[in-house]
Amino acid sequence: MKLQEEKRCLVTLDDLWEIDDWESLRPAFPLHERGRGSKLVLTTRNQAVALHVDPHGFIYDPKYLTEEDSWELLQSKAYPRHDDNNGRGNFHHLPAFSI
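The rules behind the values
Residues numbered from 1 in each chain as written. Predicted model: local features only at pLDDT ≥ 70, side-chain atom pairs only at ≥ 80, totals over all residues. Heavy atoms only, no water. Helix = DSSP H or I, 4+ residues; strand = E, 2+ residues; numbered from the N terminus. Buried < 20%, exposed > 50% of the residue type's maximum accessible area, 1.4 Å probe, protein only. Contact = heavy atoms within 4.5 Å. Areas by Shrake-Rupley, 256 points an atom, 1.4 Å probe, with all protein chains shown as cover. Core = buried A, V, L, I, M, F, W, Y, C linked by side-chain atoms within 4.5 Å. Pairing = 2+ DSSP bridges. Salt bridge = Lys/Arg side-chain N within 4 Å of Asp/Glu carboxyl O. Polar contact = N/O pair within 3.5 Å; in protein donor to acceptor, adjacent residues only side chain to side chain.

A. Looking closely at the overall build of the protein chain. Regarding its fold elements, the protein chain presents four helices and two strands. Reading the secondary structure of the protein chain in the N-to-C direction produces α-β-α-β-α-α. Looking at the protein chain residue by residue over its 99 residues, the buried ones come to 14%. Put simply, 57% of the contacts in the protein chain that link residues at least 6 apart link residues at least 24 apart. Surface summary for the protein chain: the accessible area is close to 8400 Å², and the carbon and sulfur share equals 53%.

See below:
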């Protein structure tokens, strides 16, 4: 906590599910001292948790990917593209599976 009082920090808390989870961590984050310039990034699937942490904070609610969009994203990240197929890559030789 002393570090956060003396320096600017960026802290990420990933996947908080319950308000009680935040309450157990809250003493470590002096959010009431907003002038310090430190930032907290919190991810949660529960909007009530985000609103409890900071009712005036920025909430980003991304859209869910369709099965097709998920597959395209996986292909673009997991397999190198071969632009011999009009930029679509050549994935027909890969085994099919569900995510």
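B. Inspection of the nonpolar core at higher detail. The biggest cluster of nonpolar side chains holds eight residues, and these are C9, V11, L13, L16, W22, F29, V49 and V53. Listed by contribution, the elements that provide at least two residues to this core are β1 (10–13) and α3 (47–53).

C. How the structure looks around unusual backbone geometry. Unlike most non-glycine residues, D15 shows phi in positive territory, near 70 degrees. Note that D15 resides in the loop between β1 and α2 (19–25).

D. View of the pairing of β1. Side chains of β1 alternate between two faces, with V11 and L13 buried and L10 and T12 left unburied. In this structure, β1 lies alongside strand β2 (residues 39–42), joined through four bridges in parallel fashion. Across the sheet, residue L10 finds its bridge partner in β2, namely K39.

E. Layout of the pattern of salt bridges. By the definition in use, this model includes two salt bridges. For E23, the salt bridge identified is with R26, shortest N-O distance 3.0 Å. Between D69 and K63 there is a salt bridge, with the nearest N and O atoms lying 3.8 Å from each other. Owing to a relative accessible area of 28%, D69 belongs among the partly exposed residues under this scheme. Among the residues examined, K63 registers a relative accessible area of 64% and is labelled exposed.

F. Representation of the environment of D15 in the model. Overall, D15 belongs to the partly exposed group, its relative accessible area being 34%. In the structure, D15 is positioned 29 residues away from T44 in sequence and 4.7 Å away in space, judged by C-alpha atoms. Residues within four places of D15 in sequence aside, it is in contact with T43 and R45. Polar side-chain contacts of D15 include one of 2.9 Å to the side chain of W17.

Structural measurements only, silent on function.
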